[in-house]
Every structure is written in C-alpha cells, then in structure tokens.
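One-letter residues, chain by chain:
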Amino acid sequence: MAIFLPGTAEDQALGLDEMTPREIVAELDKYVVGQAAAKRAVAIALRNRTRRQKLPPDLAEEIMPKNILMIGSTGVGKTEIARRLAKLTNSPFLKVEASKFTEVGYVGRDVESIVRDLMEIAIDMVREEKLDDVEDRAELLAEERLIELLIAQGTASSEPAPVASSQPPEPTDDPPDAPRDEAAPTLTIVAKSDADGMRERERLLQQFREGKLDDRMVELETRERAVPQVEVLSNSPEDMEQSGIKEMIAGMFGQRTRKRPMKVADAFEYLSQEEESRLLDMDQVVRIAVERVEDSGIVFLDEIDKIAGREGGHGPDISREGVQRDILPIVEGTTVSTKYGMVTTDHILFIAAGAFHVSKPSDLIPELQGRFPIRVELLPLTVDDFLRILTEPRASLVKQAIALLETEGLKLEFATEALEEMARFAFQVNETTENIGARRLHTIMEKVLDEISFEAPDIVKAGSGAISDKVPALIDRLVPTPSGEPQHERVLIVDRAYVEKQVASIVKNQDLSRYIL
C-alpha cells in the first residue's frame with residue numbers, strides 16, 4: 001500500500017549493498033505500510049545482486065537477474081515501493097511509464113531511450129561522487145585565482161606611485177644622455193613589490209575566508225557557448241542527442257568570453273565549478289558509469305498493463321504488442337548504442353508493475369511473460385491499513401497537516417476516534433465507487449480540514465473561543481514541561497463528530513464520484 005508522501009533515507013546507517021533483506025524490508029516499512037510479499041521480493045532481488053558481485057567472473061556472467069512483476073490495483077503501493085527503493089539504492093535507478101513508448105516507426109519515444117536515460121542518470125551519479133573527491137582541491141585553486149583577480153583589479157583601479165622607494169636615487173658620474181643600466185633598480189623594486197604582494201595576498205585571503213569580501217564586486221571573465229540555432233531533421237530528440245550533433249556543432253563554433261561583474265561570493269562559486277570541471281576525468285566517469293549500469297542498473301516499468309493486449313483489438317491500437325516486442329530485447333539482454341558507447345542490458349534488473357483492471361498478465365506476449373519469473377500480487381487495503389497509513393509513516397498525512405498548520409501558530413490534534421472514522425470512510429468509499437487505494441485518504445483529509453485550513457489565521461488571531469460554528473473552538477489545557485512546571489497551551493482537536501459532519505454531504509449524495517477522485 002502506498003504512502004504518496006515525500007521522505008528521505010538519509011538516516012540509514014548502512015548502504016544498500018551492506019543491508020540484509022530483512023533490513024531492506026525494515027527500511028521500506030518506515031514509509032510503506034504492509035505489502036510484505038512485494039517488499040520481500042524486492043529485497044531478495046537486490047540482495048542477489050550483491051551476492052552475484054562476489055562470485056567469480058565466469059560464474060557471475062551466467063547468473064541473470066530475476067525480474068519482478070507486481071500486480072495490484074492503483075494506490076496499493078507499487079510505485080511507492082519503487083520511489084523508496086530509488087532513495088535507498090546507490091545503483092542507477094530509472095522509473096518510466098510503459099505507456100509513453102511507441103513501436104519503432106511511429107512518432108514517439110522508442111524503448112532504447114530507457115537505457116540512454118539510465119546511462120545519463122549513472123553519469124550524473126558518478127560525476128557527483130568524483131566532484132566530491134576533488135572539491136577541496138578545486139576550492140583551493142579557486143581561492144588562488146580569486147585572490148589574483150582581486151589584486152590585479154585593485155592594482156588597476158588604484159595606480160601606484162612612480163617612485164618605488166622612499167630613498168632618493170644615488171648620484172652617478174654618468175652624463176645625462178648615457179644609457180642607464182635598469183637592472184639594479186628594477187631588481188630592488190621587484191623584491192619590494194613581491195614582499196608587499198605577499199602581505200596583500202595574505203590580508204585578502206584572510207578577509208575572504210572570514211566572509212568580509214563576499215559583497216565586493218569583481219569583473220570575471222566567463223565563457224559562453226556560441227551555438228547557432230540549427231534545425232536537424234530527426235525522428236526523435238534522442239537520435240540527435242545520441243549522435244552528438246549538438247556537441248559537434250558547439251565544438252565547431254568554439255567558445256567566446258565576456259567580462260561580467262559579480263560579487264566575490266558568486267565569483268568564487270563560478271571559479272570552483274570551473275576548477276572542478278578541469279580536475280574531473282570524464283573518461284573515468286564514463287567508464288565507471290557504464291560498468292555501474294551494466295552490473296547494477298534498475299529499471300521500474302510502471303503501467304505495463306496499458307500495453308498488454310494482442311493484435312486484433314478494437315480501436316487505434318498501433319503500439320501495444322509492438323511496444324512489447326520492442327521491450328523484449330531490452331529485458332532479455334541486448335546491446336544499446338548511446339553517446340557514451342555501447343551498453344549491454346543482460347544484468348539490468350527490471351521491475352514491472354500494473355493494475356491489470358481491464359487486461360491480465362496473460363495478455364502480455366509469452367516471451368515477455370517469461371522474462372518476469374517472479375510475480376507478486378499486492379493486496380487491497382483494509383480499514384486497519386488505512387489507519388496505519390494515517391499514523392505510522394514518518395511523513396504521514398496527519399503529521400503533514402499538523403506541521404502545515406503549526407506554521408500559522410495553530411496547534412492541531414486528531415482524536416483516535418476521528419482517525420478511525422476517516423479510515424473507515426476511506427474504505428467504504430473505495431468499496432462503493434472506484435477503488436483508488438491510499439490516494440482516497442488525500443481527498444478525505446482535505447475535506448475534513450477544509451474549513452480549518454481556511455480559518456486558521458483568523459482562529460489564531462481570535463484566541464480562545466469559536467469564530468465560526470463550522471470550526472471547533474480552541475481548548476485551553478495544561479501540559480507538562482521539562483522543568484516540571486505545567487504550561488498553558490491552546491489546541492484545536494478534531495474529533496469523530498467533526499469528521500462525520502464534514503463528510504456527511506458526501507455520504508448523503510448517491511453519486512459519490514462527483515465529489516471524490
């Protein structure tokens with residue numbers, strides 16, 4: 001079952017490669033309620049990838065991933081498991097809708113763009129890792145360039161006096177028109193200038209690190225790509241990107257520079273990025289990214305039931321079985337050409353999901369069915385599941401609502417009976433109308449909090465007492481504090497009666513679909 005809420009897995013202690021299947025399931029439990037079978041299947045598949053990497057190369061090459069097919073109605077957790085999986089794994093992960101693709105020969109995206117998109121994700125992932133390695137060195141180099149820039153522009157803006165020393169020049173016996181030997185005085189001037197320059201450099205560097213120069217303006221020479229607008233006839237944008245035409249045209253016309261005034265802080269950021277790009281070995285990044293995609297890439301194919309169906313169906317059905325035939329080589333293993341080189345898909349893990357309301361898994365072509373040996377059926381949600389979804393996840397709907405209204409200075413609480421009523425009502429509506437799973441709770445929560453959200457600023461200004469008969473009054477109560485002295489607080493409590501009143505209009509109406517998603 002799905003909790004369509006934002007969240008992160010930043011607080012996990014272990015990387016996914018080090019996590020056991022039980023630990024992966026426990027991590028998914030923090031955000032997705034129930035669906036133990038789907039979580040177990042995903043956890044085992046991910047653990048098998050780790051096991052395969054520890055085998056001898058000749059044996060590891062023969063072990064193919066066991067692709068997974070998730071079957072369940074909308075809103076029960078298929079996509080949410082994939083989203084949480086993407087946050088857990090350090091592997092290149094791509095989620096795509098199968099319904100976006102068309103058969104080769106028709107206008108639209110072809111299935112090979114899956115591998116190209118996965119490759120772009122891997123490149124970005126590896127680049128970020130390598131940038132972290134060179135970040136400190138790049139910042140030091142950027143500091144040096146910035147200090148040189150500040151000294152040069154400061155010297156240009158304030159011309160030094162022509163006399164380099166306060167001592168007068170020594171008299172000589174040479175006639176006035178005789179050529180002078182400039183070496184000796186020049187050396188004296190340079191030595192003094194170097195000493196002054198070092199002191200000036202240290203002073204500016206200290207001021208910069210203390211943040212005293214952040215708002216000072218400097219002129220920085222920036223690079224611009226002069227790429228002309230060229231129309232290229234192609235079946236799809238991917239063809240142009242794969243062939244590298246854009247990069248080739250940009251290289252032909254080169255780069256031009258222009259001076260831009262900017263603050264020191266912004267100039268340091270620009271110079272740091274420039275130095276990071278210079279220190280980065282893109283050949284190494286591409287090589288690692290290709291290996292990572294081929295050995296540990298994960299593709300989540302959502303809405304696969306939308307392309308299920310055999311030829312002979314009614315209507316303009318130009319791409320269903322054709323897309324299946326095109327997806328088949330990618331899933332079973334092939335080599336795809338990308339702008340970074342050839343990428344094989346033999347060991348990429350594919351997780352497909354679909355509701356299969358109209359069609360059924362057997363409507364897929366037999367070859368594609370055989371490539372998804374593990375099938376998991378996700379169970380419909382019960383009243384207890386809805387109640388757990390409202391309360392258990394880290395970013396549950398109840399916690400979101402409370403946090404949003406706290407920004408207005410309004411403390412909100414939900415009585416246990418109110419949450420039970422919302423869960424019961426969500427289950428009832430799903431049973432009597434279209435079953436949209438956990439998404440039903442979003443609609444019910446917004447209906448319950450409609451008046452409270454609208455009146456929240458006025459409630460806080462009015463203080464105790466009710467400002468409207470549509471909104472519960474604030475209640476004064478004493479709460480314990482760490483110091484031991486009780487403290488007064490005003491809280492708005494949503495109880496069962498208020499929930500029933502807010503949803504009564506929907507219950508009375510026979511055509512519920514007019515009011516609910």
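Once a new chain begins, its residue numbering starts again from 1 and follows that chain's sequence as written. Selection of residues for local features in this predicted model requires a pLDDT of at least 70, selection of side-chain atom pairs for listing and counting requires 80 or more, and totals for whole chains, interfaces and linings are taken over all residues. As a rule here, side-chain values cover all heavy atoms of the structure and leave hydrogens and water aside.

### Re the overall build of the chain
Turning to step 1, where the next piece is worked out: In DSSP terms, a helix is any run of H or I states spanning at least four residues, a strand is any run of E spanning at least two, and both are numbered starting from the N terminus. What the chain contains, in helices and strands, is 18 helices and twelve strands.
Turning to step 2, where the next piece is worked out: Three labels apply to residues, based on accessible area from a 1.4 Å probe with only protein chains included: buried if under 20% of the type maximum, exposed if over 50%, partly exposed otherwise in between. Counting only residues that meet the buried cut, the chain has 41% of its 517 residues in that class.
Turning to step 3, where the next piece is worked out: Here, residues are in contact when the closest pair of their heavy atoms is within 4.5 Å. Sequence separation of 24 or more characterises 77% of the internal contacts of the chain that already satisfy a separation of 6 or more.
Turning to step 4, where the next piece is worked out: Using the Shrake-Rupley algorithm and a 1.4 Å probe, accessible areas are obtained, with residue cover drawn only from the displayed protein chains. With an accessible surface of roughly 29400 Å², the chain has 52% of that area assigned to carbon and sulfur atoms.

### A word on a nonpolar patch on the surface
Turning to step 1, where the next piece is worked out: Surface patches are defined over residues having more than 30% relative accessible area and no salt bridge, joining like charges when they lie within 9 Å and nonpolar side chains (Val, Leu, Ile, Met, Phe, Trp, Tyr) when within 5 Å. Only one rule defines a salt bridge in this text: a Lys or Arg side-chain nitrogen within 4 Å of an Asp or Glu carboxyl oxygen. A grouping of Leu55, Leu59 and Ile63 is seen on the molecular surface, where their side chains present a nonpolar patch of about 210 Å² in accessible area.
Turning to step 2, where the next piece is worked out: Mapped onto the elements of the fold, Leu59 is located in helix 3 (residues 57-60).

### So, the packing of helix 1 (residues 21-29) against helix 2 (residues 36-53)
Turning to step 1, where the next piece is worked out: Interaxial angle, 0 to 180 degrees, is taken between N-to-C directions of lines fitted to C-alpha atoms, where a helix line uses only the stretch in contact. Contact geometry of helix 1 with helix 2 gives a least axis separation of 9 Å together with a crossing angle of 135°. Considered as vectors, helix 1 and helix 2 are oriented oblique to each other. Helix-helix and strand crossings are classified by hand; for helix 1 and helix 2 the assignment is right-handed. On helix 2, the residues that touch Pro21, Ile24, Val25, Leu28 and Asp29 of helix 1 are Lys39, Arg40, Ala43, Leu46, Arg47 and Arg51. Orientation categories follow fixed angle ranges, with anything under 35 degrees roughly parallel, anything over 145 roughly antiparallel, 65 to 115 roughly perpendicular, and all other angles oblique. By convention the crossing between two helices is left-handed if the near helix lies anticlockwise of the far one by an angle smaller than a right angle, and right-handed if it lies clockwise.

### Concerning the sheet that holds strand 9 (residues 374-377)
Turning to step 1, where the next piece is worked out: Pairs of strands are assigned from DSSP output, requiring at least two bridges between the strands. What the five strands build is an open sheet, ordered 2-5-8-1-9; its pairing is parallel. The open sheet has two edge strands, strand 2 (93-97) and strand 9, and neither has a second partner. Between one strand axis and the next, the sheet turns through 15° on average, direction left out of account.
Turning to step 2, where the next piece is worked out: With four bridges connecting them, strand 1 (residues 68-71) and strand 9 associate as parallel partners. Within strand 9, the residue paired with Leu69 across the bridge is Arg375.

### Remarks on the sheet that holds strand 12 (residues 487-494)
Turning to step 1, where the next piece is worked out: Strands sit in the order 10-12-11 across an open sheet of three strands; the sheet is mixed. Only two strands of the sheet have a single partner each, and these edge strands are strand 10 (411-414) and strand 11 (475-479). The mean inter-strand angle of the sheet, taken between neighbouring strand axes irrespective of direction, is 50°.
Turning to step 2, where the next piece is worked out: The pairing of strand 11 with strand 12 spans five bridges and is classified as antiparallel. Bridge pairing in strand 12 places Asp476 opposite Arg490.

### So, the environment of Asp29
Turning to step 1, where the next piece is worked out: As for its position among the elements, Asp29 is in helix 1.
Turning to step 2, where the next piece is worked out: Overall, Asp29 belongs to the partly exposed group, its relative accessible area being 42%.

### Description of the nonpolar core
Turning to step 1, where the next piece is worked out: For the purposes of this section, nonpolar cores are sets of buried Ala, Val, Leu, Ile, Met, Phe, Trp, Tyr and Cys residues that join through side-chain atoms within 4.5 Å. Counting 63 residues, the largest nonpolar core has Met70, Phe414, Met422, Val448, Ile452, Leu492 and Val494 as the members making the most contacts within it.
Turning to step 2, where the next piece is worked out: When residues of this core are assigned to their parent elements, the largest contribution, seven residues, is made by helix 15 (residues 416-432).
Turning to step 3, where the next piece is worked out: Those residues within four positions of Ile452 in sequence are excluded, and the remaining contacts are Leu405, Leu410, Leu412, Val471, Pro472, Leu492, Val494 and Tyr498.

### Here we look at the pattern of salt bridges
Charged atoms that come close allow side chains of opposite charge to pair.
Turning to step 1, where the next piece is worked out: By the definition in use, this model includes 30 salt bridges.
Turning to step 2, where the next piece is worked out: Residue Glu143 is joined to Arg209 by a salt bridge in which the shortest nitrogen-to-oxygen separation is 2.8 Å. With Glu143 in helix 5 (residues 113-157) and Arg209 in helix 6 (residues 183-209), this pair connects stretches of sequence that are 66 residues apart.
Turning to step 3, where the next piece is worked out: When its relative accessible area of 54% is taken as the criterion, Arg209 is described as exposed.
Turning to step 4, where the next piece is worked out: In this structure, a network of salt bridges that share partners links the residues Lys95, Glu97, Lys100 and Asp302.

### Considerations on helix 10 (residues 282-296)
Turning to step 1, where the next piece is worked out: The span expected for a helix works out to 1.5 Å for each residue beyond the first. With 15 residues, helix 10 ought to run about 21 Å at 1.5 Å a step, and its terminal C-alpha atoms sit 20 Å apart, in line with that.
Turning to step 2, where the next piece is worked out: Two N or O atoms count as a polar contact when they lie within 3.5 Å, although within protein this holds only if one can serve as hydrogen donor and the other as acceptor, and sequence-adjacent residues are included solely when both atoms are side-chain atoms. Near the N-terminus of helix 10, the side chain that reaches the backbone nitrogen of Asp283, with its oxygen 3.2 Å away, is that of Asp281.

### Section: a negative patch on the surface
Turning to step 1, where the next piece is worked out: Neither His nor the chain ends contribute to the count of charged residues, in which Lys and Arg are positive and Asp and Glu negative. Where a charge lies is defined by one atom per residue type: Lys uses NZ, Arg uses CZ, Asp uses CG and Glu uses CD. A cluster of acidic residues, Asp58, Glu61, Glu62, Glu291 and Asp295, forms a negative patch at the surface.
Turning to step 2, where the next piece is worked out: Assignment of secondary structure puts Asp295 in helix 10.
Turning to step 3, where the next piece is worked out: You can call Asp295 partly exposed: its relative accessible area is 34%.

### Quick word on the environment of Pro380
Turning to step 1, where the next piece is worked out: Along the chain, Pro380 falls in the loop between strand 9 and helix 13 (383-391).
Turning to step 2, where the next piece is worked out: Among the residues examined, Pro380 registers a relative accessible area of 52% and is labelled exposed.
Turning to step 3, where the next piece is worked out: Residues Pro380 and Ile436 lie 56 residues apart in sequence; the distance between their C-alpha atoms is 9.9 Å.
Turning to step 4, where the next piece is worked out: When residues no more than four places from it in sequence are discounted, the contact partners of Pro380 are Val76 and Asp385.

### Comments concerning the side chain of Glu274
Turning to step 1, where the next piece is worked out: Looking at the element boundaries, Glu274 is found in helix 9 (residues 264-279).
Turning to step 2, where the next piece is worked out: Residue classification places Glu274 among the buried residues on the basis of a relative accessible area of 11%.
Turning to step 3, where the next piece is worked out: The contact partners of Glu274, leaving out residues within four places of it in the chain, are Arg145 and Arg223.

### A few points about unusual backbone geometry
Turning to step 1, where the next piece is worked out: One non-glycine residue, Gln35, lies in positive phi territory at about 55°.
Turning to step 2, where the next piece is worked out: Considering the arrangement of structural elements, one finds Gln35 in the loop between helix 1 and helix 2.
Turning to step 3, where the next piece is worked out: Judged by its relative accessible area of 8%, Gln35 falls in the buried class.
Turning to step 4, where the next piece is worked out: For Phe356, which is not glycine, the phi torsion reads 55° and is therefore positive.
Turning to step 5, where the next piece is worked out: With relative accessibility at 9%, the residue Phe356 sits in the buried group.

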